[in-house]
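Remarks on the overall topology
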Protein chains: 4
Amino acid sequence: MNLTDEQKADIAALRATPAQTLRATSEGMERHLYEPKPVLDHGFVRVIDYMGDDTAITQAARVSYGRGTKSVSNDEGLIRYLMRHWHSTPFEMCELKLHVKLPVFVARQWIRHRTANVNEYSARYSILDREFYIPAQDSLAAQSTTNNQGRGDTLQGAEAERVLNYLRDDAMRAYDHYEEMISTEGQQGLARELARMNLPANIYTQWYWKVDLHNLLHFLRLRADSHAQYEIRVYADAICEMVKDWVPFAYRAFEDYRMGGENLSAAALDCIKRMLAGEDVTQETSGMSKGEWREFQAMLD
Amino acid sequence: MNLTDEQKADIAALRATPAQTLRATSEGMERHLYEPKPVLDHGFVRVIDYMGDDTAITQAARVSYGRGTKSVSNDEGLIRYLMRHWHSTPFEMCELKLHVKLPVFVARQWIRHRTANVNEYSARYSILDREFYIPAQDSLAAQSTTNNQGRGDTLQGAEAERVLNYLRDDAMRAYDHYEEMISTEGQQGLARELARMNLPANIYTQWYWKVDLHNLLHFLRLRADSHAQYEIRVYADAICEMVKDWVPFAYRAFEDYRMGGENLSAAALDCIKRMLAGEDVTQETSGMSKGEWREFQAMLD
Amino acid sequence: MNLTDEQKADIAALRATPAQTLRATSEGMERHLYEPKPVLDHGFVRVIDYMGDDTAITQAARVSYGRGTKSVSNDEGLIRYLMRHWHSTPFEMCELKLHVKLPVFVARQWIRHRTANVNEYSARYSILDREFYIPAQDSLAAQSTTNNQGRGDTLQGAEAERVLNYLRDDAMRAYDHYEEMISTEGQQGLARELARMNLPANIYTQWYWKVDLHNLLHFLRLRADSHAQYEIRVYADAICEMVKDWVPFAYRAFEDYRMGGENLSAAALDCIKRMLAGEDVTQETSGMSKGEWREFQAMLD
Amino acid sequence: MNLTDEQKADIAALRATPAQTLRATSEGMERHLYEPKPVLDHGFVRVIDYMGDDTAITQAARVSYGRGTKSVSNDEGLIRYLMRHWHSTPFEMCELKLHVKLPVFVARQWIRHRTANVNEYSARYSILDREFYIPAQDSLAAQSTTNNQGRGDTLQGAEAERVLNYLRDDAMRAYDHYEEMISTEGQQGLARELARMNLPANIYTQWYWKVDLHNLLHFLRLRADSHAQYEIRVYADAICEMVKDWVPFAYRAFEDYRMGGENLSAAALDCIKRMLAGEDVTQETSGMSKGEWREFQAMLD
């Protein structure tokens with residue numbers, strides 16, 4: 001992650017000018033404000049703004065005049081109750097605004113989460129920088145042989161090298177031609193909105209992304225999950241670290257009831273009851289398909 | 001608007017405990033925080049939290065590292081440009097959280113705006129207060145004779161008195177019975193979730209309502225409009241006063257391009273061109289229906 | 001449920017005029033079209049239109065040129081896989097449009113589901129009918145003594161009678177006054193948008209409600225649940241019957257993975273593993289609060 | 001646009017198997033069903049399904065039991081009234097499902113419209129085809145010299161040829177390397193989710209896109225506009241042709257009140273009044289900035 005001196009100065013200026021406010025304030029989050037947290041080779045996530053804290057959740061759940069309860073343990077208990085029983089609206093009362101720099105193919109997955117506000121850097125209007133995601137050697141994985149939508153072993157030796165060379169060289173050449181096409185020296189210069197089409201999906205873009213806590217946790221549950229593509233998971237992991245400092249009660253409940261939890265089907269619940277009653281349940285007697293049974297076994301491992 | 005002493009103390013406590021923050025802060029909005037602004041006979045609107053200010057809009061439009069531009073005039077110019085050209089996403093980067101006390105029939109209109117977060121006081125869980133909206137004499141209007149969805153003249157004399165008596169007496173009796181039905185003295189006591197069905201639509205409810213600035217301005221354009229029902233318009237008007245202090249550039253642009261503006265149809269635009277060229281256009285030659293022509297004439301008045 | 005002769009004739013006319021279409025068609029749903037299914041004392045649900053069927057789900061999941069797969073068992077297997085792994089977007093490719101007549105206090109819960117399209121009968125514009133929900137004797141329940149948000153035993157004898165009398169008499173009186181206030185005989189006549197405020201929350205309203213299958217199933221999971229208020233649950237139950245005939249594969253998967261399933265927290269999963277390994281886990285050693293432990297025990301019963 | 005024989009057979013099969021339905025049916029739209037309408041060099045739009053017709057709009061606006069009014073002219077008049085007064089919910093009662101093949105850089109603009117349902121062909125799971133958008137000679141435009149976000153003149157001669165060669169050669173080379181990297185012949189084979197990052201933004205993707213009529217018209221207003229990028233505008237134009245045949249009344253109202261209409265600011269309205277009263281208004285006396293005045297003049301041309 002390379003910031004220009006001007007960008008560093010902008011960030012330092014923002015961190016150097018505190019103001020007084022009467023709003024709910026999260027000390028844990030104030031420490032993160034504006035600081036870019038590096039992700040992948042050139043990307044980052046940084047907090048631009050936040051609204052609310054743990055007590056903002058209980059305050060809304062109670063539609064109260066003051067700030068939550070007097071008692072901290074009551075607040076955590078209520079937050080856990082709300083999370084457990086899928087009362088999601090109080091979590092929507094907190095809001096987070098991030099500035100993210102990320103490869104285009106990651107951005108394309110990310111944007112599928114529709115309940116959020118987005119302002120992306122415009123390649124119709126502006127010129128993109130020469131920055132591309134080139135995987136580190138150890139995240140250069142083969143296609144999974146068991147899962148059409150997953151990765152297998154790490155690529156080795158000459159094959160790994162060949163891949164990295166292709167990714168690097170093709171990106172550089174595409175960018176050279178991009179620059180050449182939009183240049184107005186001695187020629188008309190192609191429109192930016194057209195020239196950008198030559199750039200590969202590992203080029204970096206940036207956006208401001210704003211989302212409420214309920215929808216953010218839903219995003220994190222899917223994208224910090226082990227089945228998510230590595231390149232978006234590292235962004236989700238970085239955001240998890242921030243959320244933990246921002247709303248520690250809500251984050252702990254999220255870990256217990258969502259990230260660390262599981263969904264049981266009717267058949268799976270029935271099997272567990274029978275197993276607890278001493279029955280030796282097999283796939284054949286489980287009422288589950290082979291795929292479901294495999295997932296069920298993995299859950300109990 | 002009657003607050004209990006405890007509620008007043010809660011509000012005073014919140015206003016007495018400023019904190020330091022690195023976030024964008026709006027001085028104009030800090031003055032409004034937590035203070036209930038009275039609306040109708042028992043209602044209010046108060047700001048619970050806000051995110052962003054005018055520069056947060058330009059900052060997002062530019063996906064910038066620092067806070068907007070150095071130049072205030074540039075910021076206002078850009079905001080006006082964005083508003084004029086319906087670039088709505090930068091306005092979504094500001095967020096407002098309100099606590100509103102309002103009659104149920106107003107709440108039913110309000111909730112039709114779906115892009116917002118809501119936590120309403122639960123009459124399944126809690127007991128509602130004995131507070132009903134009784135219109136002031138001068139907002140007690142007859143049905144419009146020209147518009148099925150509007151009001152005509154103010155009711156006079158005995159009729160007005162009769163209406164007020166009905167509204168008052170029916171509300172009081174309904175509440176007496178509500179209380180009696182849920183009472184557990186000497187009886188089982190009806191479930192709250194059932195007893196509430198006896199209460200009329202002028203009873204007050206409350207909610208926390210959180211919305212981004214773009215959707216808020218859309219709400220205000222429809223609800224602060226002269227065609228909106230008076231009882232929701234006064235809430236919209238109260239919120240306008242807050243928004244004006246919060247994001248003065250955006251609010252001014254909103255007044256110029258939305259509230260004070262008009263939508264021209266293709267036919268209306270054609271008529272204006274012909275009129276400017278000296279033609280004497282009539283409804284018959286306008287290409288508009290009678291209703292459209294009437295609205296067109298009213299616009300040019 | 002009382003329909004006028006004109007309404008019956010309208011419905012009969014719609015059912016008597018089939019047309020040819022090239023669209024995906026669900027025979028099971030065609031049988032439901034337009035027919036009102038009675039709910040509560042005066043309410044109903046009826047299907048106005050639908051888009052898609054089970055194969056529309058797999059067709060979208062595969063972004064295919066034809067209609068799903070050739071093989072029915074493949075289609076069901078894929079639908080179950082999608083449901084199990086929370087791949088929700090293919091379910092959004094089916095859409096349902098309902099006409100619902102329901103009490104206002106039920107409508108107020110229902111509308112909290114924001115991802116849907118709604119057109120409600122306007123009491124600003126039109127006059128409401130004299131129809132109120134009066135609970136049947138056996139759904140007249142006392143407040144629960146253990147759950148602030150629930151019902152206990154059925155009300156008995158004189159208390160039940162008193163409650164029914166209040167509900168009936170207050171509704172009739174409120175409606176008499178409503179009619180009297182808007183009457184223009186010998187007086188100006190109060191505006192409808194004001195007069196409606198006198199009407200209690202058990203009056204019936206109606207709306208067109210349109211929603212995609214994913215969001216509909218989410219609605220049904222919450223509202224057909226045993227914790228939902230009885231008066232909205234009967235609507236959800238009626239809709240379940242329709243969905244079962246419309247998209248039988250999706251509905252069966254929904255029953256297995258959502259309605260009949262459970263969410264396990266990290267702590268609950270850990271307890272199950274320990275119990276299966278022979279440990280005698282108690283609340284004290286479970287890592288759960290008393291409330292969680294109670295819910296956990298109930299799940300395993 | 002090249003379809004395989006299998007794809008052609010799938011489409012023919014769908015068009016050869018009509019079914020009976022009681023649903024509202026649009027003859028104009030039945031003709032479009034399934035047939036791909038070519039857009040750009042390899043793209044298309046085709047209708048997969050639709051819900052509702054013009055009368056479905058008025059039916060919802062009236063919350064009626066039957067199908068709209070008896071009178072066609074009443075239906076059109078009401079639709080025009082609804083459009084003119086921004087009563088958008090009845091238009092949400094119609095729904096359209098499209099299958100679109102489009103370049104990735106167009107898909108990235110398109111997806112910004114969030115109120116829609118999307119299933120995109122997955123390049124994590126599947127292998128993309130070797131199909132790239134290469135602009136026709138006459139849509140190869142230079143960067144606008146007056147508008148940072150627009151196009152100027154068409155590129156000429158050697159420069160045009162150079163650009164086309166770059167676009168073609170870089171795409172082919174990137175695809176060659178993509179194929180080579182994922183190949184498992186004599187090597188492990190890179191995961192698809194990684195290999196796709198080498199592909200430029202002019203590669204074609206496909207998706208199913210489902211949207212209600214209100215949001216579709218909003219999309220068309222922005223994307224069929226002369227300021228939209230040409231490559232998305234041609235898709236919007238193709239959809240306009242379909243909508244015109246599907247809901248002719250709604251489409252005509254859309255043309256009159258939205259596409260052919262204009263938004264007047266308060267200042268612009270004031271200028272028009274003064275001009276109609278005979279005043280010679282200039283930019284200096286208009287109260288508008290130079291940019292606004294220029295746009296105002298263009299509107300009246």
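None of these values were measured; they are calculated from a predicted model.

Conventions we followed
Along each chain, residue indices are assigned from 1 in the same order as the chain's sequence is written. By the order in which they are written, chains take letters starting at A while ligands take numbers starting at 1. Two thresholds apply to this predicted model, a pLDDT of at least 70 for residue-level local features and 80 or more for giving and counting side-chain atom pairs, whereas whole-chain, interface and lining totals are computed over all residues. Hydrogens and water molecules were not included; the side-chain quantities draw on all heavy atoms of the structure. Any two strands with at least two DSSP-identified bridges between them are counted as paired. Helix and strand assignments come from DSSP, with helices taken as H or I runs of at least 4 residues and strands as E runs of at least 2, each series counted from the N terminus. Note on definitions: angles span 0 to 180 degrees between N-to-C directions of axes, and those axes are lines fitted to C-alpha atoms, for helices only across the stretch in contact. Only heavy atoms matter for contacts: two residues are in contact if any of them lie within 4.5 Å across the pair. Residue burial is assigned from relative accessible area. The probe radius is 1.4 Å, only protein chains are included, and a residue is buried under 20% of its type maximum, exposed over 50%, and partly exposed in between. What the arc measures is the spread of directions leading from the helix axis to the C-beta atoms. The split into domains, and so the bounds of each, comes from an automatic or database assignment of domains. In this comparison the copies share one frame, found by least squares on the C-alpha atoms of residues holding pLDDT of at least 70 in both. Two parts placed together each lose some accessible area under a 1.4 Å probe, and adding up what both lose gives the buried area. Think of a salt bridge as a Lys or Arg side-chain nitrogen and an Asp or Glu carboxyl oxygen that are within 4 Å of each other. Any N or O atom pair separated by 3.5 Å or less is treated as a polar contact, with the protein-specific requirement of one donor-capable and one acceptor-capable atom, and with residues adjacent in sequence counted only for side-chain atom pairs. In this classification, Asp, Glu, Lys and Arg are treated as charged, Ala, Val, Leu, Ile, Met, Phe, Trp, Tyr, Cys and Pro as nonpolar, and every other residue, Gly included, as polar. Only a pair of cysteine sulfur atoms within 2.5 Å qualifies as a disulfide here. For this analysis, a ring pair means two rings from Phe, Tyr or Trp (six-membered ring only for Trp) whose centres lie within 6.5 Å, classed as stacked if their planes differ by under 30 degrees, edge-to-face if by over 60, and tilted for the remaining angles. The rule is short: NZ of Lys or CZ of Arg within 6 Å of the ring centre and within 35 degrees of the ring normal puts a charge over the ring.

1. Thoughts on the sheet that holds strand 8 (residues 204-212) of chain C
All names here are of chain C. Taking strand neighbours across the sheet as the criterion, the five strands line up as 2-3-4-8-5 in an open arrangement whose pairing is antiparallel. Across the chains shown, the open sheet's two edge strands, defined by having one partner strand only, are strand 2 (37-39) and strand 5 (117-120). Averaged over all adjacent pairs, the angle separating strand axes in this sheet is 25°, with direction ignored. Packed on one face of the sheet, helix 8 (residues 213-223) meets strand 4 (95-103) and strand 8 and runs near 125° to strand 8.

2. Focus on helix 13 (residues 290-300) of chain C
Residues and elements named next belong to chain C. Buried residues of helix 13: E292, W293, F296, M299 and L300, and no others. Along the axis of helix 13, the buried positions cluster into a sector of 120°, meaning they face one direction only. Turned more than 90 degrees from where helix 13 packs its buried face, K290, R294 and A298 sit exposed.

3. Points about the domain arrangement of chain A
When the domains of chain A are assigned, the result is domain 1 (5-133 + 202-259), domain 2 (135-201) and domain 3 (266-300). The C-alpha-based centres of domain 2 of chain A and domain 3 of chain A are spaced at 45 Å.

4. Remarks on the sheet that holds strand 8 (residues 204-212) of chain D
Residue and element names in this part refer to chain D. With antiparallel pairing, the five strands of this open sheet are ordered in space as 2-3-4-8-5. A single partner strand is all that each edge strand has here, and the edge strands are strand 2 (37-39) and strand 5 (117-120). Averaged over all neighbouring strand pairs, the angle between strand axes comes to 25°, with direction disregarded. Both strand 5 and strand 8 contribute to a ladder of four bridges, which runs antiparallel.

5. Some remarks on the relation of the copies chain C and chain A
Take chain C, turn it by 180°, move it 0.0 Å along the axis, and it overlays chain A with an RMSD of 0.0 Å. This pairing of chains is accounted for by a two-fold axis. Across chain C, the smallest distance between a C-alpha and the rotation axis is recorded for N263 of chain C, namely 2.3 Å.

6. Looking at the interface of chain C and chain A
At the interface, 28 residues of chain C touch 28 residues of chain A. Summing the contributions of chain C and of chain A, the shared interface buries around 2,700 Å²; its carbon and sulfur component is 53%. For the chain C face of the interface with chain A, the top three residues by lost area are W86, L264 and L276 of chain C, together amounting to 18%. Where chain C touches chain A, the interface holds seven salt bridges. When the shortest N-O distance is used, the salt bridge between R84 of chain C and E295 of chain A registers 3.2 Å. Viewed at the interface, chain A and chain C are joined by 14 residue pairs in polar contact (both at pLDDT 80 or more). Secondary-structure elements contributing two or more residues to the side of chain C that touches chain A are helix 4 (72-84), helix 10 (248-259), strand 9 (262-264), helix 11 (266-276) and helix 13 of chain C. No other element matches helix 11 of chain C, which puts six residues into the side of chain C that touches chain A. Of the residues in the side of chain C that touches chain A, the class split is 10 nonpolar, seven polar and 11 charged.

7. Here we look at the relation of the copies chain D and chain A
For the pair chain D and chain A, the relating rotation is 180°, the translation along its axis is 0.0 Å, and the fit reaches an RMSD of 0.0 Å. Both copies share a contact surface, since 98% of the interface residues of chain D are interface residues in chain A too.

8. Let's talk about the state of the cysteines
Within this structure, the stated rule accounts for zero disulfides over all chains. Note on C271 of chain B: no disulfide assigned, nearest cysteine sulfur contributed by C271 of chain D at a separation of 20 Å.

9. What to know about the packing of aromatic side chains
Enumeration over the complete set of coordinates arrives at 48 aromatic pairs over all chains. Both rings, one in Y50 of chain D and one in W246 of chain D, keep their centres 6.4 Å apart while their planes meet at 65°; by these two values the pair is edge-to-face. You can see Y50 of chain D sitting in strand 3 (residues 43-51) and its partner W246 of chain D sitting in helix 9 (residues 230-246), a full 196 residues away along the chain. Comparing Y50 of chain D with W246 of chain D, the two get one shared label, buried. Here the aromatic residues W110, W207, W209, F219 and Y235 of chain A are joined through ring pairs into a cluster of three or more. Above the ring of Y50 of chain A, the side-chain terminus of R23 of chain B is found at 4.1 Å from the ring centroid. The ring centre of W86 of chain A lies 5.4 Å from the NZ or CZ of R221 of chain C, which sits over that ring.

10. Side note on the pairing of strand 3 (residues 43-51) of chain A
All names here are of chain A. Burial analysis of strand 3 places nine of its nine residues in the buried class, which makes it a mostly covered element. Where strand 2 (residues 37-39) lies against strand 3, three bridges are found, and the strand directions are antiparallel. From the neighbouring strand, V39 faces strand 3, where its bridge partner is G43. Counting the residues in the hairpin turn of strand 2 and strand 3 gives three residues, including L40, whose phi is positive at 55°. Pairing of strand 3 with strand 4 (residues 95-103), which is carried by seven bridges, proceeds in the antiparallel orientation. Paired with V47 across the strands is L98, a residue of strand 4.

11. Structural notes on the pattern of salt bridges
Under the criterion given, the structure shown has 86 salt bridges over all chains. The shortest N-O distance in the salt bridge between R124 of chain C and E193 of chain C comes to 2.8 Å. With R124 of chain C in the loop between strand 5 and strand 6 (141-143) and E193 of chain C in helix 7 (residues 192-195), the pair connects residues that are 69 residues apart, well separated along the chain. In this structure, R124 of chain C and E193 of chain C share a single accessibility class: buried. Notably, a salt bridge pairs E241 of chain D with K244 of chain D, separated by 3.9 Å at the nearest N-O pair. Here E241 of chain D pairs with K244 of chain D, and both are found in helix 9, just three residues apart, close to one helical turn. Of the residues examined, K244 of chain D reaches a relative accessible area of 35% and is grouped as partly exposed. Here the salt bridges share partners, and the residues they tie into one network are E292 and E295 of chain A together with R80, R84 and D256 of chain C.

12. Focus: the interface of chain D and chain A
At the junction of the two partners, chain D supplies 62 residues and chain A supplies 61 residues. Between chain D and chain A, roughly 5,500 Å² of surface is buried when both sides are summed, and carbon and sulfur atoms account for 48% of that area. Taken together, the links from chain D to chain A amount to four salt bridges. Summed over the shared surface of chain D and chain A, the result is 46 residue pairs in polar contact (both at pLDDT 80 or more).

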